[in-house]
Every structure is written in structure tokens, then in C-alpha cells.
Amino acid sequence: MSTARYRAFIAVAQHRSLSAAARALGVSQPTISSQITTLERQSQIELFHRQGYRMSLTGAGHKLLALAQKIVAIESEADFFLRDSGKLNQGELKIGAVGPFHVIEMVASYRACHPGMQLSIRMGNSQQVLHDLEHYITDVAVLAGMHERPEFQAYEYARHAIILFVHKSHPFAQRRQIDIQELNGQPLLLREPGSTTRAAIEKVLSQAGVKAQLGLEIGSREAIREGVIRRLGIGAVSEAEFIADPNLAPVRITGDPAHTTTYVYCMKERSDSLLVRSFIKTFQQLRP
């Protein structure tokens, strides 16, 4: 069966309409419609629920989506292997990431080694980034924390202490470091549950018997910075992710008890692929 049909199926599943899928693939809507109809007719399985112009996957469609994404990824691997004697002079590498801080330096290094490759980065939270990797939407993923699942292969990249940052008027701003006990009763501005940084800081607070206040739960690093600037509480961030500001002062916790570790993930079954190995090799040369 032609992989064009699988690409059409994936596009419709992602965009939830024939017209949007056609625009994404650069083909006509009748072409997309014909490919989907042929898939359903040949298999005698309904793959989509149709509600006007909107289309959503059936249970069978969800099962086929994972297989179709894998087929398309394997086809890409074959293209990379056969083209340019495996030198990766052209093609696309899709990267998932939870933040820009490490992935951008990795991309810069990779592009220097493979200038003909097209690179794309999909940002999201950890759950979304791992979902995209598992469903072959991305080739590799860069995120903090170890996610031990049998289908993933993880490579450690860097480890950084978690530091605090306060408004310049805060009493802690005049000190380079504080003891963790001094956070007792202090209002902390933290990311949403599931954040690697939040989990790490909460763990060391619990181990030390410290009861800080949850001053505010905020869904982005940028918003936490704004909250600290407006004196709503104390922020916590990986040292590598702290952005200097005249209104902010970084403060270490004595002994650096909390840290985050950045990993590069790939699907274990793709760990030997030419495309994935090219990225792993590049970031391992860059690793501090």
C-alpha cells in the first residue's frame, strides 16, 4: 500500500478536516478524500467519525494512527539511508523540547555538522513532548528528568542545581546563599504539578522538614519571573534557565540539594537509526 495514503490519513487525524489536511500536504482535497475512502473501503473499517466538515478518529483509527506514523518514520529512515551515501546532506530532523535552553545549543551544533538538514522544534510540556516522540511526530526529545519507560532510550546531557531568585528588595537579595530551613513559611511561586523543577524542590523541602507556602501556581517560567518582579513570592529555577534582570537576585540553597538533569530521548527501536544517531553523536560532543 502506498505510504501516500498513510500520510493523508495522518494529516486528516492531526488537522481533523479534509481541507486542512490537503493544505498541509499541498494536494487537492479530492485527492485526500479519495485516499481516505480507499483506506476505509479496502479495510472495511471506519477510521473517522464525520460531523459535518469535522472528522475525528474512531477507536480503530487511533490504533492505525500509531502504526501509520511508524510506517512513515521508517520510510524516512530508508530515504536517509539511501540518499547521499548516508551523509545526511538533506532531509528533516524533528525535535521535541520542553524549553529552549539546551535544545537551541544542540540545534546550533547539529546544523554546523549537517548544514543541509532542515530542523524543526515542537515545544510542549513533558507529557506532550513524550507523546509526540512515542507517536513518531518527532525523532528525538529534549527534556528534564528521567522518564523510565521500556520504549524510550535516554542519554544524559547536563545536570544543573536549582536556585532561587527573589526581588531585589527581598532580604535574601543581599545574600549569595541561604540555608533550606530559611524557606520555612516563605511564599514560593512554582510551576504546575508534574514540573520537574517543582518536584525536585518539593522533595528536598520535604526531606528537610521545611513547610514553605505555595504562594502561587503558575504555568510558565516567564510568568514566574513576572510574579517575582511584582513581589508575589520566591521563584525556583534550574541554574541554566535563570535569566538575569536588574529587578531580580539569584540565591543558591546551601549545598545545592536540588537539581535537574536534562536528557535526550529517542524511541529505543530507533536508537541505531542514521538520523537519530547523528543527533546523539552531535550532542555528546557538545555535552559539558
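Residues numbered from 1 in each chain as written. Predicted model: local features only at pLDDT ≥ 70, side-chain atom pairs only at ≥ 80, totals over all residues. Heavy atoms only, no water.

> Looking at this structure, I do not really get the overall build of the protein chain. What am I missing?
Of the regular secondary structure elements, the protein chain holds 9 helices and 12 strands. Counting all 288 residues of the protein chain, 46% fall into the buried class. Partitioning the contacts of the protein chain with sequence separation of at least 6, the portion at a separation of at least 24 is 73%. Only carbon and sulfur atoms are counted for the fraction: they give 50% of the accessible area of the protein chain, which is about 14900 Å². Distance from the positive charge centre (33 side chains) to the negative charge centre (27 side chains) of the protein chain: 3 Å. (Helix = DSSP H or I, 4+ residues; strand = E, 2+ residues; numbered from the N terminus. Buried < 20%, exposed > 50% of the residue type's maximum accessible area, 1.4 Å probe, protein only. Contact = heavy atoms within 4.5 Å. Areas by Shrake-Rupley, 256 points an atom, 1.4 Å probe, with all protein chains shown as cover. Lys, Arg positive; Asp, Glu negative; His and termini not counted. Charge placed at Lys NZ, Arg CZ, Asp CG, Glu CD.)

> Just to check I follow, could you spell out a nonpolar patch on the surface for this structure?
A cluster of nonpolar side chains, contributed by Ile 104, Ile 121 and Met 123, occupies part of the molecular surface with about 260 Å² of accessible area. Tracing the sequence through the fold places Met 123 in strand β4 (residues 117-123). According to the relative accessible area criterion, Met 123 is partly exposed, its value standing at 47%. (Patch = residues over 30% accessible without salt bridge, like charges linked within 9 Å, V, L, I, M, F, W, Y side chains within 5 Å. Salt bridge = Lys/Arg side-chain N within 4 Å of Asp/Glu carboxyl O.)

> How do you make sense of the pairing of strand β5 (residues 140-144) when you look at a structure like this?
Side chains on a regular strand alternate between the two faces of the sheet. Most of β5 is tucked away, with 5 of its 5 residues classed as buried. Where strand β3 (residues 91-97) meets β5, 3 bridges bridge the pair, whose relative direction is parallel. In the strand pairing of β5, Ala 97 is matched with Val 142. Strand direction decides the pairing type here: β5 and strand β12 (residues 259-267), joined by 4 bridges, are antiparallel. Bridging from a neighbouring strand, Ala 141 pairs with Tyr 265 of β12. (Pairing = 2+ DSSP bridges.)

> Sorry if this is basic, but what is going on with the pattern of salt bridges here?
Side chains that differ in sign of charge can pair as their charged atoms come close. The final tally for this structure, using the stated rule, is 16 salt bridges. For Asp 139, the salt bridge identified is with Arg 270, shortest N-O distance 3.1 Å. Here the residue Asp 139 occupies a position in the loop between α6 (126-134) and β5, and Arg 270 occupies one in the loop between β12 and α9 (274-286), the gap between them amounting to 131 residues. Of the two residues, Asp 139 and Arg 270, neither departs from the other in class, the shared state being buried. Between Glu 241 and Arg 221 there is a salt bridge, with the nearest N and O atoms lying 2.9 Å from each other. Here the residue Glu 241 occupies a position in the loop between β10 (234-238) and β11 (248-253), and Arg 221 occupies one in helix α8 (residues 221-229), the gap between them amounting to 20 residues. Relative accessible area serves as the criterion here: at 17%, Glu 241 is assigned to the buried category. On the accessibility criterion, Arg 221 (21% relative accessible area) is partly exposed. Taken together, the shared-partner salt bridges connect Lys 94, Asp 139 and Arg 270 into one network.

> Please explain the nonpolar core as it appears in this structure.
Nonpolar side chains in soluble globular proteins generally cluster together in the buried interior. One finds Leu 93, Ile 95, Tyr 110, Val 264 and Phe 279 to be the most contacted residues of the largest nonpolar core, which totals 23 residues. Contributions of two or more residues to this core are made by β3, α5 (100-113), β4, β5, β6 (152-167), β12 and α9. Per-element tally for this core: the top contributor is α9, with 6 residues. (Core = buried A, V, L, I, M, F, W, Y, C linked by side-chain atoms within 4.5 Å.)

> Looking at this structure, how should I read helix α1 (residues 3-15)?
For an α-helix, the turn length of 3.6 residues means that residues three or four places apart are oriented alike. Here α1 is 13 residues long and its end C-alpha atoms lie 18 Å apart, about the 18 Å a rise of 1.5 Å per residue gives. Those residues of α1 lying buried are Thr 3, Tyr 6, Ala 8, Phe 9, Ile 10, Ala 11, Val 12 and Ala 13. Looking one or two residues beyond α1, the residue adopting positive phi is Arg 16, at roughly 65 degrees. (Expected span 1.5 Å × (residues − 1).)

> Where do I start with the packing of helix α2 (residues 18-25) against helix α3 (residues 29-43) in this structure?
Running from amino to carboxyl end, α2 crosses α3 at an angle of 110 degrees, the nearest separation of the two axes being 8 Å. By the angle class used here, α2 and α3 are roughly perpendicular. As for how α2 packs across α3, the hand of that crossing is right-handed. Contacts between α2 and α3 involve Leu 18, Ser 19, Ala 21, Ala 22 and Leu 25 on the former and, on the latter, Gln 29, Ile 32, Ser 33 and Ile 36. (Axes fitted to C-alpha atoms, helices over the stretch in contact; angles between N-to-C directions. Parallel < 35°, antiparallel > 145°, perpendicular 65-115°, else oblique. Left-handed = near helix turned anticlockwise from the far one by under 90°.)

> Looking at this structure, how should I read α9?
Taking 1.5 Å as the rise per residue, α9 with 13 residues should run 18 Å; its terminal C-alpha atoms sit 19 Å apart, in good agreement. Among the residues making up α9, those that are buried are Leu 274, Leu 275, Val 276, Ser 278, Phe 279, Ile 280, Thr 282 and Phe 283.

> For this particular structure, what's the right way to read the side chain of Ser 278?
Tracing the backbone shows Ser 278 in helix α9. Residue Ser 278 is classed as buried on the basis of its relative accessible area, which comes to 9%. Residues in contact with Ser 278, not counting those within four places in the same chain, are Leu 88, Tyr 110 and His 114.

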